[in-house]
Amino acid sequence: MYDIAVIGDRDSVGGFAALGMHVVPAESPEEIRAALQKMTQGSFAVVYITEAAAAAAQDIIDRYRDEPLPAIIPIPGVRGNTGAGMRAVSQSVEKAVGSDILSK
Amino acid sequence: MAILNVNPTRMELTRLKGKLATARRGHKLLKDKRDELMRRFLELVRENKALRAEVEQAIAGAAEHMAIAGASMPKYALDTALAMPKQGLALEVETKNIMSVDIPVYSPKFKTAGEGDIYSYGYAETSCDLDAAVRALADVFPKMLRLAEVEKSCQMMAAEIERTRRRVNALEHVMIPNYADTIRFITMKLDENERSSTARLMKVKDMMLEQAHHYNQ
């Protein structure tokens, strides 16, 4: 059995606690990286991370792109959508096809 | 034109012919694998984009409710309301094999099945916007989980497609031409040896005939 974690600023991730997810409020880049580092060690299968927080730990996220566990998924935070999540999808397409053929 | 470093012998020739046949068959299979992976990948990535757009919109909606809730009630009340969740969530992870890529399949296991168990607080001290925010997140959760599944699958398949494409190209442009060239080289060398030994035999025959019968052609 695995857990689901949510990393991000307190306002963005608070609501997910009600669903029973493991919520880790983290604001500074150090906190975010430490939290994500811990998530990748053990029992977490899915880690949602706000796009703002993801920017601070991009290298860790990239390292786990091809690993089966955990799936690190960027989500928008309260301060809106930066488009980083969509860019990551386009990046996958680019890797597979050679150029981004799906975005217009 | 690159010739492998081998001895031009019949044994080498047979060995290389076998290798060439294997390489050709492998190339064909890998090409099929690449094409099928690509088809699946494009299907999946379309779903991924649509899902992501939906999820992002829904989360933004929930965030709006959350912002209003945060404004209409004191911060400590909001924190305590969400501090002790009633609902617990665990995830069962299975894998499904698509073209040798083990993609994950998640099935959520909630601790309690009750519909209202996502509200982990008394309603007296909290704003109804908090209820709306939590409700909205609960509604989008199945899609978020599916998004995680699809996005991870896309990432893993992209990596596998890249690997497969490299293998196909290496076989097509390096290994197979090398084997073909080397086989040609060995065949020529062997033929040349054969001709030279025939010529030598004829010469020897001439010499022996001349010695025995004093023929002179």
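Here, every reference points to the structure presented above.
Quick look at the structure, then. (Residues numbered from 1 in each chain as written. Chains lettered and ligands numbered in written order. Predicted model: local features only at pLDDT ≥ 70, side-chain atom pairs only at ≥ 80, totals over all residues.)

## Focus on the overall build of chain A
Assigned secondary structure in chain A consists of five helices and four strands. The secondary structure elements of chain A, listed N-terminal to C-terminal, are β-α-β-α-β-α-α-β-α. With the C-alpha coordinates aligned to their principal axes, the bounding extent of chain A is approximately 40 × 30 × 25 Å. Counting every position in chain A, which comprises 104 residues, the buried fraction comes to 47%. Nonlocal contacts in chain A, meaning residues at least 24 apart in sequence, comprise 55% of its contacts between residues at least 6 apart. (Helix = DSSP H or I, 4+ residues; strand = E, 2+ residues; numbered from the N terminus. Buried ≥ 20, exposed ≤ 12 C-beta atoms within 10 Å, placed from the backbone. Contact = placed C-beta atoms within 7 Å.)

## A closer look at the environment of glutamine 87 of chain B
By secondary structure assignment, the location of glutamine 87 of chain B is in the loop between α2 (75-83) and β1 (89-98). According to the C-beta neighbour criterion, glutamine 87 of chain B is buried, with 21 such atoms within 10 Å. Glutamine 87 of chain B sits 29 residues away from alanine 58 of chain B along the chain, and the two C-alpha atoms are 21 Å apart. Setting aside its immediate chain neighbours within four residues, glutamine 87 of chain B contacts Ala18, Leu19 and Gly20 of chain A together with Phe110, Lys111, Thr112, Asp117 and Ile118 of chain B.

## What about the pairing of β1 of chain B?
Residues and elements named next belong to chain B. Across the 10 residues that make up β1, only a small minority, one, are buried. By the bridge criterion, 10 bridges tie β1 to strand β2 (residues 101-110) in an arrangement that is antiparallel. Its bridge partner being in β2, glutamate 94 is matched across the sheet by valine 105. Joining the antiparallel neighbours β1 and β2 is a turn of two residues, in which methionine 99 adopts a positive phi near 50 degrees. (Pairing = 2+ DSSP bridges.)

## As for helix α3 (residues 128-213) of chain B
Residues and elements named next belong to chain B. Over its 86 residues, α3 runs 124 Å from end to end, which matches the ideal 128 Å to within 8%, given 1.5 Å per residue. Remark: the principal bend of α3, roughly 40 degrees, maps to phenylalanine 141, with a proline, proline 142, within the next four residues. The first or second residue beyond α3 is histidine 214, which carries a positive phi of 55 degrees. (Expected span 1.5 Å × (residues − 1). Bend = angle between axes of the 7 residues up to and from the residue.)

## Notes on the nonpolar core
Formed by 73 residues in total, the largest nonpolar core has its most connected members in Ile7, Val46 and Val47 of chain A together with Leu137 and Met157 of chain B. A total of 18 residues in this core trace back to one element, the largest contributor, which is α3 of chain B. Apart from residues lying up to four places away in sequence, leucine 137 of chain B is in contact with Gly15, Phe16 and Leu19 of chain A together with Ala62 of chain B. (Core = buried A, V, L, I, M, F, W, Y, C linked by C-beta atoms within 7 Å.)

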